[in-house]
Every structure is written in C-alpha cells, then in structure tokens.
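Understanding the architecture of this molecule
Each chain, written out:
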Amino acid sequence: MTWPGLSRLKKHWIAPGDGADHITGLPLELRAHIASFLPFRQVGQLSSLSRPWRRIHDHTPVVHVKLDDFLFLTNEMLDEDEDHPGILDDDALAGLEDSLLRRRAEGSGSCKVDTLRISYTPDDARMARHADRIIAAADAREICVKVPNSGKVSRVAWAVAVPPSTRDLEVVAFIHLAPAIAGPGAAALRTLLLHHAVIREWPRLPSLRSLTALCVTVLAAFPPAAWYPQLEYLGIFNSAIDLARVDICLPQLKVLEMDEVHVVPPGGAGKPLADVTVDSPVMEKLDMYCSTGCTPDYGLFTARVPRLRHLTWHHQFAERVNVHFGSPSSVGSGSIVFTWNGGFHCRETKECKALMMRMLGGLLPELSSDGLADAARPYMTLDKYKVEDSDTGEMFQEEKLTCNLKALMTSREA
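Criteria and cut-off values
Residues numbered from 1 in each chain as written. Predicted model: local features only at pLDDT ≥ 70, side-chain atom pairs only at ≥ 80, totals over all residues. Heavy atoms only, no water. Salt bridge = Lys/Arg side-chain N within 4 Å of Asp/Glu carboxyl O. Buried < 20%, exposed > 50% of the residue type's maximum accessible area, 1.4 Å probe, protein only. Helix = DSSP H or I, 4+ residues; strand = E, 2+ residues; numbered from the N terminus. Polar contact = N/O pair within 3.5 Å; in protein donor to acceptor, adjacent residues only side chain to side chain. Contact = heavy atoms within 4.5 Å. Axes fitted to C-alpha atoms, helices over the stretch in contact; angles between N-to-C directions. Parallel < 35°, antiparallel > 145°, perpendicular 65-115°, else oblique. Left-handed = near helix turned anticlockwise from the far one by under 90°. Pairing = 2+ DSSP bridges. Nonpolar A, V, L, I, M, F, W, Y, C, P; charged D, E, K, R; others polar. Core = buried A, V, L, I, M, F, W, Y, C linked by side-chain atoms within 4.5 Å. Phe/Tyr/Trp six-rings, centres within 6.5 Å; stacked < 30°, edge-to-face > 60°. pLDDT = per-residue confidence, 0-100. Expected span 1.5 Å × (residues − 1).

Notes on the pattern of salt bridges
Counting across every chain of the model gives 15 salt bridges. Of the charged contacts in the structure, one is a salt bridge between Glu-142 and Arg-141, with a shortest N-O distance of 3.5 Å. The exposure class of Arg-141 is partly exposed, given its relative accessible area of 33%. Within this structure, Asp-114, Arg-141, Glu-142 and Asp-168 form a network of salt bridges that share partners.

Right under this line is the structure:
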C-alpha cells in the first residue's frame, strides 16, 4: 500500500541557485569576518581573487599565524639523518609584519586587529624574533600564543612582550616553561590563561583580574599579594603543584576553583603531606573538587574567608582543618561530598564524616558539637551501592556521604 504524500516526502529539496558569487556581494566587514577563520597565508591568497577581495587581509578581525607555514626544507635537508631547522621565508614574514604595521597605523575601524593567534617554537631564535615583531605589530586586544608539541621537553627561558592594547593573553606551551611576561602592555593585562606549561616563576601583573592554569606543573611558591593586588578569579585545573606549602593569600580574590589538583611536596612518597592555606577577606566562592582517591590528602587546610557565600568541597581529604567562614550561616549554598570506594585507596567513610563535621563547625561556629550534629543530621545523606570496574568488570561497594549546605543553612534561617 502506498501512503498519500509518501512520494513527496522522498524527494530531496535542492536550493535554487543562479551561479552567482553571493559571498563577494557581502559587506566588507562580513567577508573579513568569514576570512578570519583561515590561516593568514590563505587570507593573503584571497586578495588575488578579484578587486573586491583586494587587501582583505587588512580587515580580518582575527589573524592566525603559524610560523611553521613559513618554514621549508630542501631535498638535501630531507636526505639528512638529523633534524634540520629548515629555511625560514624571511621575505614573506617581513611582508606580514609590514601589513600588520599598516593596520596598526590606521588604528581604528575594521583595520584594527582584535585577536592574534600565533604558533611558533620559542627555542628557535629565528622564529622567536619574527614572533616578537608580529605580536608588537598586531597590537591586538587578545593574543593567543601556542608552542607546538614536539614531544621534546624544553626548559629554555623565553618571554612574551605584550603590546599596549592587549588585555587578554593565552599561552599554550606544551612541556615548555611558562614565559616571562613583559612589554608595555604587561601592566594593563586583565586576564591570563596558561596551558600545559611548567611554572618556575610567576609573572608580576598588577592589573590582572583573572588567572587560569590548565594542566600545568607549578614549581614556584604562589606570589605575594603585592604581585596580584586586583586578582578576582583564580582557577587551577588538572594540574600538579610540587610544593610543601601552598599559600593563596590575595586581597581581592572573590572566586577560587581547584579541580583535580595534586599537591605533593618535592620528593613525593615518604614526605609529610602538604599544607594549603586560602586567605582572602572578600572571597565569595570556593570550589575544591577531585575524583575519589585520585588526589593526595592535605596535611592541614586553612581557610580565612569571612565573606564566603558558596562552598563546594568534593572528595578532597585533609587530616586537619582550621576554617573561618565568616558570620554564622553566611554560606548559603553548595555541598560537601565524600565518597568511599572499595576499589580505591581512600579514606573510610567514618573519617570523611569526622572531617565533614569539622568543616560544618566552621560554618556554624555558634553551635556545640551535639547541637551541630542535631542540626546537620536531616541534611546529610549516606548512599550505599555497588559499582562496576570498567576494566575488570569486578563489582565494588561504594558509599557516598553528602551534606546539602543550602538546605542546612536555609533551615537555620527559619
């Protein structure tokens, strides 16, 4: 049986077309926006299409430059057994630098570079020189510097000279040192994002408001308050901190997020557990999160955050805590969660509960031990269940202890 209308549903709709070049007819700003998704060398090739595309590279708001694209090898170099640095196309790079300088001289409208994304190897002095010139010539509001992952560990010191207009800087430095940050724009930088770098020294950035570290290794003590007097946000994710003490003491810090952060004293096994201190008179949000049994315990966790409003603490164990969360019932949202799993090396549920009660004591300092237990009991849950190991298929007992801080604190206001 043939259903009415079925033949019509099977027909493919084909967009009408007249063969005309509709992209060229778009306004310059829109064409430049489309072209900005291409590497700069390809954008330059668009200039030869027709008169409307001439000098389109002078209007793209985002400029992508990969200096490896300006590197070539001769047949003789390819036949050599050892790695060869290749030949850098200095003339083409000089043309790129001149083009960016012209755009900078215009200084307004569609000629201004908003974002520069540049990839190069700082170990190569030739590339580093050209990269410095390109960064200075672009004078972009946002700069992203990426060091390609060559698979070779490098500890060569290098620097990024920030131009005057830059406010946001991102550095992706696979198995390289984090760069020194200097230049005329360093004092006005507002956000910094570091990826996959080794931090041996923190840069001094007096205007910085946001600092994010992702997959980094920290070898340097956290900087004093004078280095970051305006920092409001600090986020550290999937990183390792090789220090015996971590002191995060910043006067304007409002939000601290630490997610899957391994704090281990130098020397590793056999050393005392690391101590962590968080001290900020204006902090409003504190998020500490790790997976069950995946991050080392703290020896002592100290918090002096009298204006805290939100607390998330998941699975991070500390042998001792010394916490001051402000006025009674000031924290109005968040949760404290601990999970014990028979397949992991992690603290027993009773130890986690004792730590939870010590933290709740900092949240509700006006209550006695018995009063705290009575107040918290209705808002604490212990779930017991079994989970399957994804590799072996073995079943393990798991227990999850949770305290709903929002519900607890709301009950105190009633």
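Notes on the side chain of Asn-341
Mapped onto the fold, Asn-341 is located in strand E20 (residues 333-341). With relative accessibility at 3%, the residue Asn-341 sits in the buried group. Here Glu-398 takes part through its side chain, which lies 2.5 Å from a polar atom of the side chain of Asn-341. Dropping the residues within four chain positions of it, Asn-341 is found in contact with Cys-346, Val-387, Phe-396, Gln-397 and Glu-398.

Section: the packing of helix H5 (residues 90-106) against helix H6 (residues 125-138)
Each pair of packed helices can be summarised by the angle the axes make with each other and by the distance between the axes. Put simply, H5 and H6 touch, their axes get as near as 8 Å, and they point 20° apart. Compared by their axis directions, H5 and H6 come out roughly parallel. The hand of the H5/H6 crossing is left-handed. Packed against H5, whose contacting residues are Asp-90, Leu-93, Leu-96, Glu-97, Leu-100, Leu-101 and Arg-104, the element H6 presents His-130, Arg-133, Ile-134, Ala-136, Ala-137 and Ala-138 at the interface.

Overview of the side chain of Thr-212
With respect to the helices, strands and loops of the structure, Thr-212 is situated in strand E10 (residues 210-214). Taking relative accessible area as the criterion, Thr-212 reaches 15% and is therefore assigned buried. Those residues in contact with Thr-212, other than ones at most four positions away along the chain, are Leu-192, Leu-193, Leu-194, Tyr-233, Gly-235 and Phe-237.

Quick notes on the pairing of E10
Burial analysis of E10 places four of its five residues in the buried class, the great majority of the element. With five bridges connecting them, strand E9 (residues 191-199) and E10 associate as parallel partners. Each residue of the ladder has a partner; that of Thr-191, found in E10, is Ser-210.

A closer look at the packing of helix H7 (residues 349-363) against helix H8 (residues 369-376)
Two elements in contact, H7 and H8, have axes whose closest approach is 10 Å; the angle formed by their N-to-C orientations is 100°. The pairing of H7 with H8 is recorded here as roughly perpendicular in orientation. Residues Met-357, Leu-360 and Gly-361 of H7 lie in contact with H8, whose contacting residues are Leu-372, Ala-373 and Ala-376. Of the residues belonging to the contact of H7 with H8, the class tally is five nonpolar, one polar and no charged.

Looking at the nonpolar core
Formed by 97 residues in total, the largest nonpolar core has its most connected members in Leu-116, Phe-222, Phe-301, Leu-311 and Leu-360. Each residue touching Leu-360, except ones within four places of it in the same chain, is listed here: Ile-336, Leu-372, Ala-376, Met-380, Cys-403, Leu-405 and Leu-408.

Looking at the packing of aromatic side chains
Evaluation of the coordinates by the stated rule reveals four aromatic pairs. Here the aromatic rings of Tyr-298 and Phe-301 are separated by 6.3 Å at their centres, their planes lie at 25°, and the arrangement is stacked. Here Tyr-298 and Phe-301 have matching classes, each one buried.

Focus: the confidence of the model for the chain
Looking at the chain as a whole, the pLDDT averages 85, with 80% of positions reaching at least 70. For the chain, per-element mean pLDDT is lowest for helix H4 (residues 75-79), which scores 49, and highest for E10, which scores 98.

Comments concerning H6
Across its 14 residues, H6 extends 20 Å between first and last C-alpha, which sits within 8% of the 20 Å expected from 1.5 Å per residue. Two residues or fewer after H6 comes Asp-139, characterised by a positive phi angle close to 50°.

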